[in-house]
Amino acid sequence: LFHLSYEANLRVLLLGIEALTTKYPDLEITVTMRGVVFREGFSAAAKVKILPYGPEADVQADLREADVVYLPLPFQRREADFVRYSLSTKMVTYLGCGLPILYHGPREAAVCEVLLESGAALICDSLERARVELSLNDIIGKPDLATSSVARAAALARKRFMLADQCSRFWDAIEADMSTTQTPYIRTASPQ
């Protein structure tokens with residue numbers, strides 16, 4: 001899903017793609033999105049393919065066709081707290097999809113810190129067209145870098161985002177809190 005606050009990111013991404021198509025005229029670069037409705041006045045250009053919402057099987061098919069997944073976060077000052085503390089639940093899907101991740105957002109974001117410390121993504125922390133173009137060019141021109149980031153993303157997913165570990169962290173925190181209060185709760189079995 002594409003949040004309206006990512007429009008500035010997408011504008012610059014499309015400018016970077018436009019510059020790369022000049023540099024690599026034989027390369028067809030498109031952006032596929034699902035269920036997106038842009039605000040009036042936003043031009044998404046011909047390079048954007050907008051598909052309707054679909055079931056998980058459709059999204060899996062989209063990912064089989066993709067070469068890169070794009071993970072934007074907004075640069076606007078009013079979004080600073082959201083970005084700083086955001087560790088998107090969809091990031092787990094990005095980590096496990098087997099594709100290079102292009103993170104495009106502020107460096108001080110929690111998600112950026114996690115991706116940087118593990119080398120699990122290519123990072124673009126600017127709304128400057130030239131910087132976005134360089135990041136895209138790294139994906140195209142340095143396939144070893146992209147491939148190694150995919151391996152590191154999978155390792156990060158296994159190390160920090162396994163479902164059983166997530167459940168344990170959640171319930172351990174609740175149980176610690178509950179040991180100091182009298183509020184009843186029910187714990188369900190952890191997934192296998």
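Here, the structure is the one placed above.
Not measured: the values here are computed from a predicted model. (Residues numbered from 1 in each chain as written. Predicted model: local features only at pLDDT ≥ 70, side-chain atom pairs only at ≥ 80, totals over all residues. Heavy atoms only, no water.)

K.L.:
What exactly am I supposed to notice about the overall build of the chain here?
P.N.:
From N to C terminus, the chain includes eight helices and five strands. Mapped in sequence order, the helices and strands of the chain form the string α-β-β-α-β-α-α-β-α-β-α-α-α. Burial analysis of the chain (192 residues in total) assigns 38% to the buried set. Taking all contacts inside the chain whose residues are at least 6 apart in sequence as the whole, residues at least 24 apart take part in 59%. Carbon and sulfur atoms make up 55% of the accessible area of the chain, which totals about 11,800 Å². (Helix = DSSP H or I, 4+ residues; strand = E, 2+ residues; numbered from the N terminus. Buried < 20%, exposed > 50% of the residue type's maximum accessible area, 1.4 Å probe, protein only. Contact = heavy atoms within 4.5 Å. Areas by Shrake-Rupley, 256 points an atom, 1.4 Å probe, with all protein chains shown as cover.)

K.L.:
What is the right way to read the layout of surface pockets from this model?
P.N.:
Left-over empty space is what a probe sized like a water molecule reveals as it rolls over the atoms. The volume enclosed by the largest pocket comes to roughly 1,500 Å³. Every residue lining the largest pocket is counted, 39 residues in all, and those nearest its centre are Thr32, Ala66, Val68, Val69 and Tyr70. For the lining of the largest pocket, the secondary structure elements donating two or more residues are α1 (7–23), β1 (31–34), β2 (48–51), α2 (56–65), β3 (69–72), α4 (90–96) and α6 (129–141). Within the lining of the largest pocket, the residues separate by chemical class into 28 nonpolar, four polar and seven charged. (1 Å grid on protein atoms, 1.4 Å probe; cavity = no way out; pocket = protein on both sides within 12 Å on 5 of 7 lines; lining within 4 Å. Points joined across faces, edges and corners; volume = space filled by probe spheres on them. Nonpolar A, V, L, I, M, F, W, Y, C, P; charged D, E, K, R; others polar.)

K.L.:
Can you walk me through the nonpolar core in this structure?
P.N.:
Inside soluble globular proteins, nonpolar side chains tend to come together where they are buried. In terms of nonpolar packing, the biggest core is built from 44 residues, with Leu13, Leu95, Tyr103 and Leu115 touching the most fellow members. Looking at this core, the element that brings in the most residues is α1, giving six residues. If we skip the residues at most four places from it in the chain, Leu13 touches Val31, Tyr70, Leu102, Val132 and Leu136. (Core = buried A, V, L, I, M, F, W, Y, C linked by side-chain atoms within 4.5 Å.)

K.L.:
How do you make sense of the sheet that holds strand β5 (residues 122–124) when you look at a structure like this?
P.N.:
Note: strands within a sheet are paired through backbone hydrogen bonds, in either parallel or antiparallel orientation. On the basis of which strands lie adjacent, the open sheet formed by three strands has the order β3-β4-β5 and parallel pairing. The open sheet has two free edges, formed respectively by β3 and β5, since each of these has just one partner strand. Recorded for the sheet is a direction-independent mean angle of 20 degrees between the axes of neighbouring strands. For β3 and strand β4 (residues 101–104), the ladder comprises four bridges, and the chain directions are parallel. Paired with Pro72 across the two strands is His104, which belongs to β4. (Pairing = 2+ DSSP bridges. Axes fitted to C-alpha atoms, helices over the stretch in contact; angles between N-to-C directions.)

K.L.:
In this structure, what is going on with the side chain of Ser126? I would like to understand it.
P.N.:
Looking at the secondary structure, you find Ser126 in the loop between β5 and α6. Side-chain polar atoms of Ser126 contact the backbone nitrogen of Glu128, separated by 2.9 Å. The residues contacting Ser126, other than those within four sequence positions of it, are Phe75, His104, Arg131 and Val132. (Polar contact = N/O pair within 3.5 Å; in protein donor to acceptor, adjacent residues only side chain to side chain.)

K.L.:
Help me understand the pattern of salt bridges in this model?
P.N.:
If the charged atoms of two oppositely charged side chains come close together, the side chains can form a pair. Tallied over the full model, the rule gives seven salt bridges. When the shortest N-O distance is used, the salt bridge between Arg84 and Asp81 registers 2.7 Å. Pair noted here: Arg84 and Asp81 are both in helix α3 (residues 80–85), with a separation of three residues, about one helical turn. For Arg107, the salt bridge goes to Asp125, with nearest N and O atoms at 2.8 Å. Placement of Arg107 in the loop between β4 and α5 (110–118) and of Asp125 in the loop between β5 and α6 is noted, with a sequence separation of 18 residues between them. Its relative accessible area of 21% is what places Asp125 among the partly exposed residues. Residues participating in the shared-partner salt-bridge network are Arg107, Asp125 and Arg131. (Salt bridge = Lys/Arg side-chain N within 4 Å of Asp/Glu carboxyl O.)

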